[in-house]
Amino acid sequence: MESMQLRAIDIGVTPLPYPETGNIGLVGLPQWLWVEDQSPSTWGPITRTATSGPYSVTATGTVDRIEWDMGDGQVIVCDIPGTPYQESFMDSPSPDCGHDYYEEDGFYDVSATSYWVIQWAGLGQSGTIELDFTQTTQLAIGEVQVITQ
């Protein structure tokens, strides 16, 4: 398993994370969630075999799901890597993994926990190992105020 170099995903989200970009999302507009760096070590599947003399063990790992804690009490569970947002999508909701902040503006700490399942077999034995990895970021959500005269 060590040779698989499993790790947490890089979070793909709209708006882009606040500390790095200064972007602010809007209350009521959809946020898209996705795996930014989909690779065998962040999403799977990945298979490795360890051999010592005539003995070998093979393990295959895949992500079962990602639980997105949106920082507002909501947890979104996605069993696919999600669809990366493109500007042409405008204010459409994500077709597969998304969230809306409806309550209020503010800063939200978002975490994405990847739940891995590793199936292994060798030496007449087999089993399952479960692991999880978490990545976090912060989103800024603002409220649009309409002023009329």
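Structural notes, computed from the coordinates.

Conventions we followed
- Residues numbered from 1 in each chain as written.
- Predicted model: local features only at pLDDT ≥ 70, side-chain atom pairs only at ≥ 80, totals over all residues.
- Heavy atoms only, no water.
- Salt bridge = Lys/Arg side-chain N within 4 Å of Asp/Glu carboxyl O.
- Helix = DSSP H or I, 4+ residues; strand = E, 2+ residues; numbered from the N terminus.
- Contact = heavy atoms within 4.5 Å.

Further remarks concern the pattern of salt bridges. Within this structure, the stated rule accounts for 4 salt bridges. With a shortest N-O distance of 3.8 Å, Arg7 and Asp10 are connected by a salt bridge. Asp37 serves as the salt-bridge partner of Arg7, at 2.5 Å between the closest nitrogen and oxygen. With Arg7 in the segment before β1 (11-13) and Asp37 in the loop between β3 (30-35) and β4 (46-52), the pair connects residues that are 30 residues apart, well separated along the chain. Through salt bridges with shared partners, a single network forms among Arg7, Asp10 and Asp37.

Inspection of the secondary structure assignment puts Ser92 in the loop between β6 (75-78) and β7 (98-100). Distance in space between the C-alpha atoms of Ser92 and Gln31 is 9.2 Å, their sequence separation being 61 residues. In contact with Ser92, other than residues within four places in its own chain, are Pro30 and Trp32.

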